[in-house]
Amino acid sequence: MPDIGPVVLLVLGVVAVNGLAGRIRVPAPILLVIVGVAVSFVPGMPAVQVDPELVLTVLIPPLLYAAATESSVVAIRTMLRSIFQLAVGMVLVTAFAVATVLYLLVPGIPFAAGLALGAIVAPPDAVAAVAVARRAGLPRRVVTVLEGESLFNDATSLVLLRVALVGLAVGSMSWGDAVLEFGWATAGGLLIGGAVGWLLSWGRRLSGSALATTAVSLVAPFVAYQLGERAEASGVLAVVTTGLVLGFRAPYDLAPEVRLTLRATWSTIQYVLEGTVFALIGLQLWAIVTAPDIGRRPVVLISGAVLLTVILIRPLWIFLLNGLARLLRRSGAFADWRPLAAVSWAGMRGVVSLAAAQTLPLDTPYRPLLLTCTIVVILGTLVVQGLSLPRVIRWLHFPGDPAAEIDAERMAARDEANRAIADAVESDIARRQLPEDQARRMRLWVETRDWRRLAERRSTTIDETGRVLGGMADWNREMMRIERDVFVQLRNSGRLSEEVMREVEYGLDLEEALLDQRTEAMSGHLDQLRGQSDDDPNGASPT
């Protein structure tokens, strides 16, 4: 019988450390790595050895798929040039810069071996960076760039690593073949991912079942990855493209209850897997560093030079390209230097680099040195950049309030939707020539749905509006509580089956969750208006 105890302890540990990170205001990925290293020192703790292929084929695909389904295709398309410059250009420039430094510092090392190390340490793991950036108030445009980079840079890195390993095997780099292989890996990954995404989109439209759709979504990233790899294209890029297609098509393909089930399922999976990969970094680091073939060579200078190259090349590349874009008056260039500085410092390396380094063949020249440099880069970027990134973002003092901008965007969208509903109701009243009593009830429904119109018609102040709408929300919750109590009593007396009980309770839960969401949005918007009225003594109206 397989021992699943370590897996259970790992998941429980991830949950506990995530909870602690929220309380002490430390980025959870960083704390997970630190705790993992600390646990590896516990007497009697067995060395943790994770098959790197397991990481690359089992852990990474669902993580990338979950991130892709939540990403905005429209926003990525808007920032495509910046994302491409980081996810492809930045990775290639970093890889070749590291290879050059290593080639100059280590006499006799093949350039392909240096390029392999460059490909390994080039892609930042933006999971931690994006989480920190959102919490610290980084503008959404910049967060979109980081998210897009994290989706595509792993594909560039792993394809380049494959090219470098082929060069090592044959003894020289064939740049023509390398360019062709890189081109097919990119084009093939996009084509295969798009085809898988379209087929799954078509299939789930036909199914309509929440359980069937969720079950298929659990295997979707692995199907896309395996098809991409078998076609000798980029499996990672196939997974990302599949996720983007399905995320964009979700409003058209899925019923509301299916989307709710998918969101709950994948939020849990993402929560566990993200914590797991960072915990595994910490648990493995000490065993790798103290292995017999590691650390027996004076590599402090070399690994430090590689770390310095990785950290410095990112801001140089970002500021140089942005300067050229502004000089050529290209769209998408940042006029302010602060977003560039924030993106430049969000370069922490993570589990993909660790797993990729461990896939190096045992006969790779200077393999211990390459592994040591990888460990130094991961630890150095996590400690230096990861712990200081929130402070750097606060120090930059970005103008505006991203939370207020999101609230204003949300309210503007709802205002437009409410106007469309009101117009549709008036058209329906006129077309069907409804009696005045029925028309009045329909208009009242529209009015109570649109709290801003309700406030305008009653000419109330902001505080009065908040009290009226808060009272209405409390009344709705009380009615739902009464309804739920009746259902429970009927179930307990045997007059209502458990199956029907779960069904009606699910409907009430959806209704109450929607009420809570709208009440929270209303409160946030009223607070914003209250702040505006404090600045403007004449601004007593909630409008």
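First, a word on scope: everything that follows refers to the structure included in this document. Please read all numbers here as calculations on a predicted model, not as lab measurements.

## As for the overall build of the protein chain
In terms of regular secondary structure, the protein chain is built from 21 helices and zero strands. Buried residues in the protein chain amount to 45% of all 543 residues. Restricting to contacts in the protein chain with at least 6 residues of sequence separation, those with at least 24 account for 80%. As displayed, the protein chain has an accessible area near 27800 Å², and 63% of this comes from carbon and sulfur atoms.

## Quick look at the pattern of salt bridges
Tallied over the full model, the rule gives 18 salt bridges. Measuring nitrogen to oxygen at the nearest pair gives 3.5 Å for the salt bridge that ties Arg204 to Asp253. Linking Arg204 in helix H9 (residues 175–207) with Asp253 in helix H11 (residues 235–253), this pair joins segments that are 49 residues apart in sequence. For Arg204, a relative accessible area of 11% gives the class buried.

## Describing helix H2 (residues 28–40)
With 13 residues, H2 extends 18 Å from end C-alpha to end C-alpha; this agrees with the ideal 18 Å at 1.5 Å per step. Burial in H2 covers these residues: Ala28, Pro29, Ile30, Leu31, Leu32, Val33, Gly36 and Ser40.

## Looking at the packing of aromatic side chains
Enumeration according to the criterion identifies five aromatic pairs in this entry. For the pair Trp337 and Trp395, a centre-to-centre distance of 6.5 Å together with 65° between the ring planes defines the contact as edge-to-face. With a gap of 58 residues between them, Trp337 in helix H14 (residues 337–345) and Trp395 in helix H16 (residues 367–396) connect regions that are remote in the sequence. What makes Trp337 partly exposed here is its relative accessible area of 44%. The class of Trp395 is exposed, set by a relative accessible area of 59%.

## Thoughts on the nonpolar core
Leu102, Leu117, Leu138, Phe152, Ile281 and Val306 are the most contacted members of the largest nonpolar core, which totals 117 residues. Other than its neighbours up to four places away in sequence, Leu117 contacts Val98, Leu102, Val306, Leu370, Cys373 and Thr374.

## Concerning the environment of Thr242
With respect to the element layout, Thr242 can be found in helix H11. You can call Thr242 buried: its relative accessible area is 0%. In this structure, the C-alpha to C-alpha distance between Thr242 and Leu191, residues 51 residues apart in sequence, is 9.6 Å. Residues within four places of Thr242 in sequence aside, it is in contact with Tyr65, Gly193, Val196, Gly197, Leu200 and Ala224.

## Thoughts on a nonpolar patch on the surface
Together, Ile4, Val7, Val8, Leu9 and Leu12 make up a nonpolar patch on the protein surface, roughly 500 Å² of accessible area in all. Relative to the helices and strands, Ile4 is located in the segment before helix H1 (5–24). Residue Ile4 is classed as exposed on the basis of its relative accessible area, which comes to 54%.

## Quick notes on unusual backbone geometry
Unusually for a residue other than glycine, Glu232 sits at a positive phi of about 60°. If you trace the backbone, Glu232 turns up in the loop between helix H10 (210–230) and H11. By relative accessible area, Glu232 is classed as exposed at 57%.

## With respect to the packing of helix H5 (residues 80–105) against helix H13 (residues 300–327)
Axis separation between H5 and H13 bottoms out at 9 Å; the angle between their running directions is 145°. Remark: the crossing between H5 and H13 carries right-handed chirality. Facing H5, whose interface residues are Gln85, Leu86, Gly89, Met90, Val93, Thr94, Ala97, Val98, Val101, Leu102 and Leu105, H13 presents Ile302, Ala305, Val306, Thr309, Val310, Ile313, Arg314, Trp317, Ile318 and Leu321. The residue inventory of the contact of H5 with H13, partitioned by class, reads 16 nonpolar, four polar and one charged.

What counts and how
Residues numbered from 1 in each chain as written. Predicted model: local features only at pLDDT ≥ 70, side-chain atom pairs only at ≥ 80, totals over all residues. Heavy atoms only, no water. Helix = DSSP H or I, 4+ residues; strand = E, 2+ residues; numbered from the N terminus. Buried < 20%, exposed > 50% of the residue type's maximum accessible area, 1.4 Å probe, protein only. Contact = heavy atoms within 4.5 Å. Areas by Shrake-Rupley, 256 points an atom, 1.4 Å probe, with all protein chains shown as cover. Salt bridge = Lys/Arg side-chain N within 4 Å of Asp/Glu carboxyl O. Expected span 1.5 Å × (residues − 1). Phe/Tyr/Trp six-rings, centres within 6.5 Å; stacked < 30°, edge-to-face > 60°. Core = buried A, V, L, I, M, F, W, Y, C linked by side-chain atoms within 4.5 Å. Patch = residues over 30% accessible without salt bridge, like charges linked within 9 Å, V, L, I, M, F, W, Y side chains within 5 Å. Axes fitted to C-alpha atoms, helices over the stretch in contact; angles between N-to-C directions. Left-handed = near helix turned anticlockwise from the far one by under 90°. Nonpolar A, V, L, I, M, F, W, Y, C, P; charged D, E, K, R; others polar.

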